[in-house]
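In case you want the letters, here they are:
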Amino acid sequence: MSSGTDSRRNDVLRAIVSDFIALHEPVGSKMLVDRHNLGVSSATIRNDMAALEAEGYITQQHASSGRIPTAKGYRRFVDGIEQVKPLSAPERRAILEFLEHGVDLEDVLRRSVQLLAQLTHQVAIVQMPDLRRGRVKHCEVVKLTPHRVLLVLITDTGRVEQRNVDLKEALADEDVMRLRDIVNAAMVGRNLDDACARIASVAQDAQSRLLPEELRNPTVAISAVLIDTLLERPNDRLLLAGTPNLVRAAELTPVLEALEEQVVVLKLLSSVRNPEVQVSIGEENEDEELRKASVVSAGYGNSHAILGGLGVVGPTHLDYPGTISSVTAVAYYISKILSGE
């Protein structure tokens, strides 16, 4: 087959996929002639369609019907997208403004899935970041009563953890800042594992009487709570929006069930380790529940690491160029916000 023929058949396949995504109905040769300037006769297009069907890129549901893309056809279409159309400047401003109004990390991510669901008309999902992937930004020590303090642990992932600590002895006001300095000197700028090791070392210093007497007991008590907090199992929650968009498709009922159980989707998003968009189509999905769906996903994070994944789940005939563009933009702006840019 000549390169010209191969190129034309690629054009025919792209046209079939594009029309099926837009119209949700089988595509025939006459439709292609009417809707696309392919520069060849209807008979030539029929020959090309027959060749594409023989190669497994399209299929015919009924003898008299047009063709629809297969998962192999969608994959070739997606792999052939050389450059995704960027969002317009007003669209980018609207996304950033909407996300920047989030009051905290969870609010930003909640806004993100709502926005993705609206942009793509599919189900949008985002994984709450793993606390253990971040670094300690600050630990505030607030005296509530002479025998109780509040710890506020803040990480560069935007997570905020609050814990109360009960003290055996009354804590003087002038010692609160000294405790805060000890704790922050040990943990700030370190990843969670290193911070845990350093605060454990501080507790040992207190028990070994290397700290002033009035700080020993409160330091041990605070260190124990911080170690428990740093060692906690990550909060693997998913935020979802747009689930009604899947209800109309009966074949996607297993997908809805998987979304409700979260385990399958968490496994998928946890494998996202870079900001580049990944597309998995139909049988390419490892878990059976997603075999009739497509997933477009990307990682988001800060300057240190990818903190979590976000994406869109929909039927295999979803709008790939538009969905890829939307997922790329939202992941990018979440990362900008987390990085403080």
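What counts as what
- Residues numbered from 1 in each chain as written.
- Predicted model: local features only at pLDDT ≥ 70, side-chain atom pairs only at ≥ 80, totals over all residues.
- Heavy atoms only, no water.
- UniProt positions renumbered as here; feature names shortened; annotations may be inferred.
- Disulfide = S-S within 2.5 Å.
- Domains from an automatic or database assignment.
- Contact = heavy atoms within 4.5 Å.
- Buried area = accessible area lost by both parts, 1.4 Å probe.
- Pairing = 2+ DSSP bridges.
- Helix = DSSP H or I, 4+ residues; strand = E, 2+ residues; numbered from the N terminus.
- Axes fitted to C-alpha atoms, helices over the stretch in contact; angles between N-to-C directions.
- Buried < 20%, exposed > 50% of the residue type's maximum accessible area, 1.4 Å probe, protein only.
- Polar contact = N/O pair within 3.5 Å; in protein donor to acceptor, adjacent residues only side chain to side chain.

As annotated in an unreviewed UniProt entry, the protein is Heat-inducible transcription repressor HrcA from Corynebacterium falsenii. Within the UniProt record for the protein, the comment given under Sequence similarities (unreviewed entry) is "Belongs to the HrcA family." The UniProt entry for the protein carries the following comment under Function (unreviewed entry): "Negative regulator of class I heat shock genes (grpE-dnaK-dnaJ and groELS operons). Prevents heat-shock induction of these operons."

The final tally for this structure, using the stated rule, is 0 disulfides. Between Cys139, a cysteine without a disulfide, and Cys196, which holds the nearest cysteine sulfur, the sulfur-to-sulfur distance is 13 Å.

Each assigned domain of the protein is listed with its residue range as follows: domain 1 (4-80), domain 2 (89-129 + 236-339) and domain 3 (132-231). Centre-to-centre, using C-alpha coordinates, domain 2 lies 36 Å away from domain 3. On the domain 3 side, the residues contacting the 10 residues of domain 2 number 6 residues. Interface area for domain 2 against domain 3, summed over the two sides, is near 750 Å², with a carbon-plus-sulfur share of 45%. On the domain 2 side of the interface with domain 3, the three residues burying the most area are Leu105, His304 and Leu307, jointly 46% of the side's total.

Turning our eyes to something else, we now look at the sheet that holds strand S7 (residues 238-241). Within a sheet, neighbouring strands are paired by backbone hydrogen bonds and run either parallel or antiparallel to one another. Taken in spatial order, the 5 strands of this open sheet run S7-S3-S10-S9-S8, and their pairing is antiparallel. The sheet is open, and its two borders are formed by S7 and strand S8 (278-281), each paired with just one other strand. Across the sheet, the axes of successive neighbouring strands diverge by a mean angle of 20°, strand direction being ignored. The sheet contact formed by S8 and strand S9 (residues 293-301) spans 4 bridges and is antiparallel. Bridging across to S9, Ser280 finds its partner in Val295. Helix H13 (residues 320-338) contacts S8, S9 and strand S10 (306-315) of the sheet and is inclined by roughly 20° relative to S9.

Secondary-structure assignment places Ser29 in helix H2 (residues 29-35). In this structure Ser29 comes out as buried when scored by relative accessible area, which is 13%. Separated by 3.4 Å, the side chains of Ser29 and Ser42 make a polar contact. Non-local contacts of Ser29, meaning those with residues more than four positions away in its chain, are made with Ser42, Ile45, Arg46 and Met49.

In the case of a regular strand, side chains alternate between the two sheet surfaces. Relative to strand S5 (residues 148-155), strand S4 (residues 136-145) is paired through 8 bridges, and the arrangement is antiparallel. In the strand pairing of S5, His138 is matched with Ile154. Linkage of S4 to S5, two consecutive antiparallel strands, is achieved through a turn of 2 residues.

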